[in-house]
Amino acid sequence: MIDTPVADDTPEGSPQRPLPLVYGSHPDQVADLHLPDRPGPDRLPLVLFFHGGFWRAAHDRQHTGAFADALARDGGCAVANVEYRRVGAGGGWPTTLEDTARAVDGLPELAARAAPGRIDTDRVVYAGHSAGGHLALWAAARHRLPADAPGRTEAPAPVRGVLALAPTADLAHADRLGSGRGAVADFLGGSSAEVPERYAAADPAVLGTPAGRTVVVHGTDDEALPVDMSRAYTRTTGTTLTEIPHGSHFDVIDPDSAAWPPVTRALRALVETLG
């Protein structure tokens, strides 16, 4: 199912109005498709981006709309800014993970239908910030899930890259730190001692190396999630870490920050890998 885009009357040179995508029947099973303002000669890689906010309903995709526009422009790609059910509005275990799986499985085709001839569905990148970075890493490791876990696939996801921005890459570690005032326990319904089977099916640090090349970008002065979490995750999984000196938690999604060039370089490197 997909909404029919309205006629675009955006002035030339302004960001295009995002195209609405609907990947399920719930009001939060939607995404906004951002495209570069000037069509190029080639079809565009597609970035499926999951916003952060500690999986809580108080935070939605609207706060990453400008980021998605800038990433489409500077990264030369299409960006689907994905919404999903969150804690406090029908989300949490296992609903948020089920929405993530449904989104990555269905949105490439929906995006190609919304922008005919512009999207290359063979070149897909999963991306996310903070809790959304967790979802991107998890989505690319679904073939590593326990047999009865929600969202499990038999084969690796058809993803060519993962761009994780200040991700919650180790749920048990974040829970011990009390990140987001108990956000992980709220998301999974308890601590790792109380619901170990849920952590085994949701924690990127447990699941191991994702499908596709993975690049993590993290500020050294992150006040919400310590950079040591990404250092340990990338060291264990053999993935790539780009550190932003003195970078904060939100610098990695701020097009006006010093983190922006490394973020767009990382994306372009993934896109070039796709080629």
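Preceding block: the structure.
What counts, and at which threshold
- Residues numbered from 1 in each chain as written.
- Predicted model: local features only at pLDDT ≥ 70, side-chain atom pairs only at ≥ 80, totals over all residues.
- Heavy atoms only, no water.
- Helix = DSSP H or I, 4+ residues; strand = E, 2+ residues; numbered from the N terminus.
- Buried < 20%, exposed > 50% of the residue type's maximum accessible area, 1.4 Å probe, protein only.
- Lys, Arg positive; Asp, Glu negative; His and termini not counted.
- Salt bridge = Lys/Arg side-chain N within 4 Å of Asp/Glu carboxyl O.
- Contact = heavy atoms within 4.5 Å.
- Pairing = 2+ DSSP bridges.
- Axes fitted to C-alpha atoms, helices over the stretch in contact; angles between N-to-C directions.
- Left-handed = near helix turned anticlockwise from the far one by under 90°.
- Nonpolar A, V, L, I, M, F, W, Y, C, P; charged D, E, K, R; others polar.
- Core = buried A, V, L, I, M, F, W, Y, C linked by side-chain atoms within 4.5 Å.

Colleague: Residue-level account of the side chain of Asp222, with values.
Modeller: Within the secondary structure, Asp222 sits in the loop between β7 (213-219) and α8 (227-237). The side chain of Asp222 is buried and forms no salt bridge, while Arg231, the nearest opposite charge, is found at 11 Å. Look past the residues within four positions of Asp222 in its chain and what remains in contact with it is Ala166, Gly247, Ser248 and His249.

Colleague: Report on the pattern of salt bridges, specifying residues and quantitative values.
Modeller: Per the counting criterion, the structure on display carries 13 salt bridges. Between Glu83 and Arg61 there is a salt bridge, with the nearest N and O atoms lying 3.6 Å from each other. Here the residue Glu83 occupies a position in the loop between β4 (78-82) and α2 (95-114), and Arg61 occupies one in the loop between β3 (44-50) and α1 (65-75), the gap between them amounting to 22 residues. Exposure remark for Arg61: the relative accessible area of 16% places this residue in the buried category. Each of the salt bridges in this network shares a partner with another, and the network as a whole consists of Asp28, Asp32, Arg61, Glu83 and Arg86.

Colleague: Describe in detail the sheet that holds strand β8 (residues 240-244), supporting the description with residues and values.
Modeller: Two pairing modes exist for strands in a sheet, parallel and antiparallel, and in both the strands are linked by backbone hydrogen bonds. Ordered in space as β1-β2-β4-β3-β5-β6-β7-β8, the eight strands form an open sheet in which the pairing is mixed. Of all the strands in the sheet, just β1 (19-22) and β8 have a single pairing partner and so form its edges. Across the sheet, the mean angle separating the axes of adjacent strands is 25 degrees when strand polarity is ignored. Pairing of β3 with strand β5 (residues 119-129), which is carried by six bridges, proceeds in the parallel orientation. By the bridge assignment, Leu44 is partnered in β5 with Ile119. Against the sheet, α2 makes contact with β1, β2 (30-34), β3, β4 and β5, and its axis sits at roughly 145 degrees relative to β3, the strand it touches most. Sitting on the sheet, helix α3 (residues 131-139) is in contact with β3, β5, β6 (161-165) and β7, with an inclination near 135 degrees to β5.

Colleague: Explain the packing of α2 against α3 to me, and be specific about the residues and the numbers.
Modeller: Where α2 meets α3, the closest approach of the two axes is 10 Å, and the angle between their N-to-C directions is 60 degrees. In the packing of α2 onto α3, the handedness of the crossing is right-handed. Contacts between α2 and α3 pair Thr96, Leu97, Thr100, Ala101 and Val104 from the former with His134, Leu135, Trp138 and Ala139 from the latter. The residue makeup of the contact of α2 with α3, split by class, is six nonpolar, three polar and no charged.

Colleague: Describe the nonpolar core, naming the residues involved and giving the relevant values.
Modeller: If you look at the biggest cluster of nonpolar residues, it comprises 61 residues, and the most contacted ones within it are Leu33, Trp55, Leu107 and Tyr126. Counting residues per element, this core draws most heavily on α2, which supplies eight residues. Excluding residues within four positions of it along the chain, Leu107 makes contact with Leu21, Tyr23, Ala31, Leu46, Leu48 and Val82. Residues Cys77, Val79, Ala127 and Ala166 belong to the second largest nonpolar core, which totals 26 residues.

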